[in-house]
Amino acid sequence: TGVGMGLMEQLRDDTEALIAHKQSGLAQLREAVPVLVQQRDNTLLVIVLLSLLSVLAAFWSMRRQLTLLRREVNLRATASRAERASSEKSLFLANLSHEIRTPMNAIFGFTQLLQELVTGERPRFYVQAIQSSGKALLELINDILDISKIEAGKLDVRPGPTDLRELMGMLNTVF
């Protein structure tokens, strides 16, 4: 019958339209797949690069922190050694000053005895020169002790009168 043939013709047309639509969709997919794959690859590349940059930044930061920490440890050790050396120096100066003071007292005692025994003007001048040089040396020793006290933070400053003529006379005798 003519009806069957019309239905068959319509069925063929619909099938061809479906096949054409399917092929058109497949063509669009074929065109879209490389773009999607490229986008995926670009996204992965960006993620990998960002991850790598993050790791490098973290490594650099940790290395810098480690360097700063080492520097701080070295500075603390150096400061500790310097403080210890300063303390030892002050102790040495104090001990040395006290050790020098003992013979100086003997020199003063003997020069006083000698001054009583010496009668000549020139020998008396020499004895006075010994005494004033000894006083200058004793003052130098006291100054060294004062420096040690200053460094230890234990110096008490007490102003007192100074006889400028006596000081100049002593310097003149020494030099």
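Here the residue numbers are simple positions, counted from 1 along each chain's written sequence. With the structure being a predicted model, the display of local features is reserved for residues of pLDDT at least 70 and the display and counting of side-chain atom pairs for 80 or more, all residues being used for whole-chain, interface and lining totals. Side-chain numbers here rest on the full set of heavy atoms in the structure, without hydrogens or water.

Visitor: It is not clear to me how the overall build of the protein chain should be interpreted in this structure. Could you clarify?
Guide: Across its full length, the protein chain holds 3 helices and 0 strands. Taken against the 2.2 N^0.38 rule, which gives 16 Å for 175 residues, the C-alpha radius of gyration of the protein chain at 51 Å runs more than 25% over that of a compact globule. Taken along its principal axes, the extent of the C-alpha atoms in the protein chain is 170 × 30 × 25 Å. Each residue gets one of three labels from its accessible area relative to the maximum for its type: buried under 20%, exposed over 50%, partly exposed in between, using a 1.4 Å probe on protein chains only. Across the 175 residues in the protein chain, those meeting the buried criterion constitute 11%. Only DSSP runs of H or I reaching four residues or more are called helices, and only runs of E reaching two or more are called strands; each is numbered from the N terminus. Throughout, radius of gyration means the C-alpha value; the globule benchmark is 2.2 Å times the number of residues raised to the power 0.38.

Visitor: Explain the packing of helix α1 (residues 2–117) against helix α2 (residues 121–152) here, please?
Guide: Between two packed helices, both the angle of their axes relative to each other and the distance between the axes serve to describe the pair. In this analysis, axes come from line fits to C-alpha atoms, helices being fitted only over the stretch in contact, and the angle between any two N-to-C directions falls in the range 0 to 180 degrees. Relative to each other, α1 and α2 sit at 160°, their axes nearing to 9 Å. One finds that α1 runs roughly antiparallel with respect to α2. α1 and α2 meet at a crossing whose hand is left-handed. Think of it as three bins: nonpolar holds Ala, Val, Leu, Ile, Met, Phe, Trp, Tyr, Cys and Pro, charged holds Asp, Glu, Lys and Arg, and polar takes everything else, Gly as well. For the contact of α1 with α2, the residue count by class is 14 nonpolar, 12 polar and 5 charged. Oblique is the label for any angle not under 35 degrees, not over 145, and not in the 65 to 115 range, which are roughly parallel, roughly antiparallel and roughly perpendicular in turn. Put simply, a crossing is left-handed when the front helix is turned counterclockwise from the back one by less than a right angle, and right-handed when it is turned clockwise.

Visitor: Looking at this model, I keep getting lost on the packing of aromatic side chains. Mind explaining?
Guide: Both the distance between ring centres and the angle between the ring planes are used here to describe each pair of aromatic rings. In this analysis, rings of Phe, Tyr and Trp, with Trp reduced to its six-membered ring, are considered paired at centre separations within 6.5 Å, and the interplanar angle assigns stacked below 30 degrees, edge-to-face beyond 60, and tilted for intermediate values. If you walk through the whole model with that rule in mind, you get 1 aromatic pair. Residues Phe125 and Tyr126 carry aromatic rings whose centres are separated by 6.2 Å and whose planes lie at 55° to one another, so their mutual orientation is tilted. Classification of Phe125 as partly exposed rests on a relative accessible area of 46%.

Visitor: Teacher, can you tell me more about the confidence of the model for the protein chain here?
Guide: You can read pLDDT as the predictor saying how much it trusts each residue, on a scale of 0 to 100. Residues with a pLDDT of 70 or more make up 99% of the protein chain, whose mean pLDDT is 87. Of all the helices and strands in the protein chain, α2 carries the lowest mean pLDDT, 83, while α1 carries the highest, 89.

Visitor: What exactly am I supposed to notice about a nonpolar patch on the surface here?
Guide: Patches draw on residues past 30% relative accessible area with no salt bridge. Two like charges within 9 Å are joined, as are two nonpolar side chains (Val, Leu, Ile, Met, Phe, Trp, Tyr) within 5 Å. Using a 1.4 Å probe, the Shrake-Rupley method yields the accessible areas, and only the shown protein chains count as cover for residues. The term salt bridge refers to a pairing of a side-chain nitrogen on Lys or Arg with a carboxyl oxygen on Asp or Glu at a separation within 4 Å. Residues Leu45, Val46, Leu49, Leu50, Leu52, Leu53 and Leu56 make up a contiguous nonpolar surface patch of about 670 Å² in total accessible area. Mapped onto the fold, Leu45 is located in helix α1. Taking relative accessible area as the criterion, Leu45 reaches 49% and is therefore assigned partly exposed.

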